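Now for the letters of each chain:
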Amino acid sequence: VQLQASGGGLVQAGGSLRLSCAASGRTFSSYAMGWFRQAPGKEREFVAAISWSGGSTYYADSVKGRFTISRDNAKNTVYLQMNSLKPEDTAVYYCAADQSGWVVRTTPETYDYWGQGTLVTVSS
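A few points on the structure. On a predicted model such as this, the values are computed, not experimentally measured, just so you know. For every chain, the first residue of the written sequence is number 1, and numbering continues from 1 along that sequence. Where local features are concerned, this predicted model is filtered to residues with pLDDT of at least 70; where side-chain atom pairs are given and counted, the filter is 80 or more; whole-chain, interface and lining totals use all residues. Processing note: side-chain calculations cover all non-hydrogen atoms of the structure and skip hydrogens and water entirely.

It is worth spelling out the sheet that holds strand β8 (residues 77-82) at this point. If you walk across this open sheet you meet the four strands as β1-β3-β8-β7, and the pairing is antiparallel. Each end of this open sheet is capped by a strand with a single partner; those strands are β1 (3-6) and β7 (67-72). When strand polarity is set aside, the average angle formed by the axes of neighbouring strands in this sheet is 15°. Any two strands with at least two DSSP-identified bridges between them are counted as paired. Runs of E in the DSSP output that reach at least two residues are strands. Runs of H or I that reach at least four are helices, and both are numbered from the N terminus. With six bridges joining them, strand β3 (residues 17-23) and β8 adopt antiparallel strand pairing. Bridge pairing in β8 places L19 opposite L80. Only the stretch in contact is used when fitting a helix axis, every axis being a line fitted to C-alpha atoms; angles between N-to-C directions are given from 0 to 180 degrees.

The following block contains the structure:
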């Protein structure tokens, strides 16, 4: 599976962005998908994840109520809608695929494939 993240950019605090992650391969629908982020000087951290069917989702406390993860298996794409953005959301955002598609997991080491990242900058 190859993953291509897009949709990052510069936005003012309180604004919104939608990230997309397009996947190649016919097995996309069997993977759980996750979004992670890494700010300068910090470790990569979990943001959100969704099961293969979309029936299960999980969010980091820091984004709960502001971000929404979704997927369209017909388009081989997973999305991250980010609302009410804060300067502390500034980071490179990565999408990742987990072969254990029915399990929603939060640790980067459990994901098998990674996209290249897209930069989100939130100005105050």
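Let's shift gears to unusual backbone geometry. Look at N76: it is not a glycine, yet its phi comes out positive at around 55°. Tracing the chain through its elements places N76 in the loop between β7 and β8. Phi angles above zero are rare outside glycine, and S84 is one such case at about 50°. By secondary structure assignment, the location of S84 is in the loop between β8 and β9 (91-98).

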